[in-house]
Amino acid sequence: MKSILCPLCEVDRTAFVSRRRRQNLTVTTVICLECGLVYHNPVIEDSDRRDTGATFQAWHTDARPSSRYFKKLEARWARQWPLVGSVFTPGCRVLEIGAGLGVVSAHLKRLGAKVLSVEPDPAQAAYAREHWDLTVVQARFEDVDLTGEQFDLILSSHAIEHFQDPLNFLAKVRTLAHPETALFLETPNILAPKVSPVRLFSVAHNFYFSPWTLSLLLEKGGWQVSRRRIFRRDAFQLLARPAPPRRPAIPSQAVPLVQKALNRHRYLYYLKLLFLWRKIPWWQTYWMYTDDPRYDDIMALELS
Ligand SMILES: [Zn+2]
């Protein structure tokens, strides 16, 4: 465990959000009162997670490669394709960071991309190699030396929230980009969590982004967001291009927006029976994973 400053603001002015005992670790979650970024402080390092005896895979999900789990991954990929497809060209060089079982990498390979996948979990990396014939570097992305490599498309789905230094992650990704490279990220949205208040803050994740805090972190790390999709619940997606690193200009509504969302989630999850709805496939398709119109005005302001 390591105490950190807010990676966006580089200060330590936070309010307490939650403290839970998880797998012999005390997980303390705070919100930055400058920017609204929610994170564990101290952050959980990979060595702490390893000490709990869990594998990389187990930190993220209990799912074994079952047909149900693959169905979920395929559905997620189908939701990602509209943004990814808008920048994909056959023959392009792709890097996927946190490839898991390799479903996304395999799709892109099938579509004609030259794909390199990075996955820290040995079992998942082996599965991706065996089942899809993928080139998988089995390592933590922080430890992989890709000096001199350049990619046209870099994807990372549900991974940035695990890193202990997401700004460093974005900066490293930036070194692998040329001016036309597209970066695709998907991560859970703290403004509209899918999981229950009890499960929300986990050992697996360190950072709980909103579309704003991640966009600002991208700017700081040398990326400019070009497109977004914010679903009504669960997650959001960003597409970004390299740009000169910029000091983030934090909108005044950033902090109250997140605080309000956290407070609402504490009771609305139960009041609106979200724990039931979220399991129903048609509800997922026709409500949860449709674009959330609530933030259009603020997004337009912030993008202009
Ligand atoms: Zn901050």
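Everything here concerns the structure above.
Before going into details, it helps to say that this report is about the structure given with it.

1. Quick notes on the nonpolar core
Among the nonpolar cores identified, the biggest contains 43 residues, and L95, F141, F169, L170 and L218 are the most heavily contacted of them. Apart from residues lying up to four places away in sequence, L170 is in contact with I160, L183, L185, L217, L218, G221 and W223. Judged by nonpolar contacts, the second largest core, of 16 residues, contains F88, A113, L155 and A182.

2. Comments concerning the sheet that holds strand 2 (residues 25-32)
Ordered in space as 1-2-3-9, the 4 strands form an open sheet in which the pairing is antiparallel. This sheet does not close on itself; its edge strands, each paired only once, are strand 1 (14-22) and strand 9 (207-208). Pairing between strand 1 and strand 2: 8 bridges, direction antiparallel. Following the sheet pairing, R19 is matched in strand 2 by T28.

3. A few points about the packing of aromatic side chains
One pass over the full model with this rule turns up 11 aromatic pairs. Taking the centre distance of 6.5 Å and the plane angle of 85° together, the rings of F141 and F163 count as edge-to-face. Here F163 lies in the loop between strand 7 (151-157) and helix 6 (166-175) and F141 lies in the loop between strand 6 (135-137) and strand 7, a separation of 22 residues in the sequence. Residue F141 is classed as buried on the basis of its relative accessible area of 3%. Overall, the relative accessible area of 9% leaves F163 in the buried class. Following the ring pairs from residue to residue traces out a cluster consisting of Y39, F207 and F209. Directly above the ring of Y289 sits R79, whose terminal nitrogen or CZ lies 3.4 Å from the centroid.

Cut-offs and rules
Residues numbered from 1 in each chain as written. Predicted model: local features only at pLDDT ≥ 70, side-chain atom pairs only at ≥ 80, totals over all residues. Heavy atoms only, no water. Core = buried A, V, L, I, M, F, W, Y, C linked by side-chain atoms within 4.5 Å. Buried < 20%, exposed > 50% of the residue type's maximum accessible area, 1.4 Å probe, protein only. Contact = heavy atoms within 4.5 Å. Pairing = 2+ DSSP bridges. Helix = DSSP H or I, 4+ residues; strand = E, 2+ residues; numbered from the N terminus. Phe/Tyr/Trp six-rings, centres within 6.5 Å; stacked < 30°, edge-to-face > 60°. Lys NZ or Arg CZ within 6 Å of the ring centre and 35° of its normal.

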